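# Geometric and topological summary
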Amino acid sequence: MAFVSQLLLVLSCIICHVLIAGAASEQSYKIFSTSSLKPQAVCSDPKVNPSSSSGATVPLNHRHGPCSPAPSKKEPAFEELLRRDQLRAGYVQRKFSKNHRGGGLQQSEELKVPTELGSSLDTLEYVITVGVGSPAVQQTMTMDTGSDVSWVHCNSNSTAGSTPFDPAKSSTYSPFLCGAAACTQLGAEANTCSNSECQYMVRYGDGSNTTGTYGSDTLALGSDTVKDFQFGCSRVEEGFGDKTDGLMGLGGDAQSLISQTAAKYGRAFSYCLPPSPGSKGFLTLGAQTGTTGFATTGMLRSEQAPTFYGVLLQGIKVGGEQLSVAPSVFSAGSVMDSGTIITRLPPTAYTALKTAFKDGMKQYPPAPSRSILDTCFDFSGQDNVSIPTVALVFDGGAVVDLDANGIIFGSCLAFTGTDDDESTGIIGNVQQRTLEVLYDVGQSVFGFKPSAC
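If you check an unreviewed UniProt entry, the chain appears there as Peptidase A1 domain-containing protein from Triticum aestivum. In its Sequence similarities (unreviewed entry) section, UniProt records this for the chain: "Belongs to the peptidase A1 family."

Once that is clear, we can look at the pattern of salt bridges. Going through the model one piece at a time under the given rule, you end up with 8 salt bridges. Arg-84 is paired through a salt bridge with Glu-80; the nearest N and O atoms lie 2.8 Å apart. Linking Arg-84 with Glu-80, this pair stays in helix α2 (residues 78-94), spanning 4 residues, or about one helical turn. In this structure Arg-84 comes out as buried when scored by relative accessible area, which is 18%. On the basis of relative accessible area, Glu-80 is assigned to the partly exposed category, the value being 24%. Note that Arg-344 and Asp-85 form a salt bridge whose closest N and O atoms lie 2.7 Å from each other. Linking Arg-344 in strand β21 (residues 343-345) with Asp-85 in helix α2, this pair joins segments that are 259 residues apart in sequence. Since its relative accessible area comes to 2%, Arg-344 is described here as buried. Where salt bridges share partners, they join Glu-80, Arg-83 and Arg-84 into one cluster.

Cut-offs and rules
Residues numbered from 1 in each chain as written. Predicted model: local features only at pLDDT ≥ 70, side-chain atom pairs only at ≥ 80, totals over all residues. Heavy atoms only, no water. UniProt positions renumbered as here; feature names shortened; annotations may be inferred. Salt bridge = Lys/Arg side-chain N within 4 Å of Asp/Glu carboxyl O. Helix = DSSP H or I, 4+ residues; strand = E, 2+ residues; numbered from the N terminus. Buried < 20%, exposed > 50% of the residue type's maximum accessible area, 1.4 Å probe, protein only.

In structure tokens:
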């Protein structure tokens, strides 16, 4: 009888182990809906969950999707989009030649004075809606953590913006004089004077540029208002086609929205990029790392390139298993960027990632490479596919599990490699989907919260 009891105990333990192992296996995969790969005509309205109830929150949408207030009519082809993404990534990576933890991201000496002051606008996929002036004129602006100077179209003949801002109709608009501190602060983006008024010029990596008067006016962010917001009033543009009403710079330098509103919002902001163009996200100013639910890691900065926000990876998990990649492989650091689409990893890490990922995708036929994406699959006839989980492990132990839509892009693994392990990496916007990504610049902390939109 005792033997039978012991046998039952052993069998129950075996069954328990099998059940636990089975559960772990299920948790190591995600279901990816192939419908997200198709164009979407209807805007879904799922609940968004900003972590901060204070501060200011505005809608954030994909500019090519049905949720955008002014959806673009000229969405580039997939391969063309990736080509432009490579241009932007190259621009960001050329800004840096060496990275180290103590001093943040180091900029190379020969690139202290850039020949191009922005990056390709065509990779900026996300827009926010704000009000400019008194009375407020609604403006749909692309947001970019890789830019500092904000601007709106003021040229009534422009075909780029849908609603050009007319400063003459705003009772609170004021241009800066050439000797004003705000004009001097523009540095390389200043563009001499015109009738004693400060002029600016921003040149982008795709060859486009904007020139006009630098001034200030009231900015409406939802129900909040920011007085004396500094921005460019664009009068002359080159290379703009089907664009939005302007650009909102969320970089770390003095001209950005984040720096200008430091006293009001504490140099902290967060956003959630929606899982697909057919759903909504948000941008919040005033979010704080004290809010619960965030996995946090340190923020790296560069005194020579203050626009960019850096982060340090320590590892990657695929299917719940940590890859055999030494933390030192990631020592060059990575730029967290809202404008780059695809994440760039050191070649050693990327090779390990794609090898492990393909091992978990053997049930799906391989497909030809698509531009910079070389790990692609044939999902023909599939409504839902099972893909291995991918998690990024950051300095300090923060583990960020990526959404299924943050792993697959155009039927391919949404990662690629840098030129070498010493090159600066980039965390692209695909990997950030559905996460609330918190930039607490004042505290030098990044935070990540899942399922926020």
